[in-house]
Amino acid sequence: MAMRAGLSELGELLHAFDEVIAKVPEARERALKAAIQPVETELDRQIVSRLPGKDQHYHVRGWQKVTMGERGGYIRLKPTADEKNRYGYSGRQITGYLEHGHKLARKRGRYRVSNRTVENTATGDQVVPGFLFYSYTKSRAVSAARMAAESVLEELEDTLEDALG
């Protein structure tokens, strides 16, 4: 008799786990969608605080987008502007140069050595260091993602408690 009671409790527990497992993909998607807005806000904040002109005309911020991965398993930061400006550079290229830095184009005469440029000791080239706004956003986005995940985990916990009665 006691053995059958234990088996029925085990069956209820397994059924409750099945309910929770069925809700996990939807919960993961909700958590990621909840994290998109805080990450976008942080990216905008980093761009404004790190760029020298503070992106007054919203060019760099306007090119950026936080998107969800193809299968809904992650979110990513990416520049979206593919159209080229009058110098032949796309928003993606300019974002890359701003993020990672670039070599100084002395031959064209458009750039001057400033207090921000440094010399690459290996090549002797003058280099403009990157502003790293993506890198700082990624490091600070962890807390936003953690908060979104915790709220979804609490919902899953409530589902499990309700299923167990």
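Heads up: the structure comes first, above all this text.
Calculation criteria
Residues numbered from 1 in each chain as written. Predicted model: local features only at pLDDT ≥ 70, side-chain atom pairs only at ≥ 80, totals over all residues. Heavy atoms only, no water. Helix = DSSP H or I, 4+ residues; strand = E, 2+ residues; numbered from the N terminus. Buried < 20%, exposed > 50% of the residue type's maximum accessible area, 1.4 Å probe, protein only. Phe/Tyr/Trp six-rings, centres within 6.5 Å; stacked < 30°, edge-to-face > 60°.

Trainee: Provide a residue-level description of unusual backbone geometry, including the pertinent values.
Mentor: Within the chain, Tyr58 stands out as a residue other than glycine whose phi angle is a positive 65 degrees. Locating Tyr58 in the fold gives a position in the loop between α1 (2-50) and α2 (59-63). Residue Leu132 is not a glycine yet carries a positive backbone phi of 60 degrees. Inspection of the secondary structure puts Leu132 in the loop between β5 (126-129) and α4 (133-164).

Trainee: I'd love a proper account of the environment of Thr137, names of residues and values included.
Mentor: Relative to the helices and strands, Thr137 resides in helix α4. In this structure Thr137 comes out as buried when scored by relative accessible area, which is 0%. Between the C-alpha atoms of Thr137 and Val39, which are 98 residues apart in sequence, the distance is 7.2 Å.

Trainee: Describe the packing of aromatic side chains, with residues and values.
Mentor: Under the defined criterion, the tally for this structure stands at two aromatic pairs. Ring centres of Tyr89 and Tyr97 lie 5.8 Å apart, and the angle between their planes is 85 degrees; on these two criteria the pair is classed as edge-to-face. Judged by relative accessible area, Tyr89 falls into the partly exposed class, the value being 22%. Take Tyr97: its relative accessible area is 34%, and that puts it in the partly exposed class. Seen in terms of ring centroids, Phe133 and Tyr134 are 5.6 Å apart; in terms of plane orientation they differ by 80 degrees. Their pairing is edge-to-face. Each member of the pair, Phe133 together with Tyr134, is buried.

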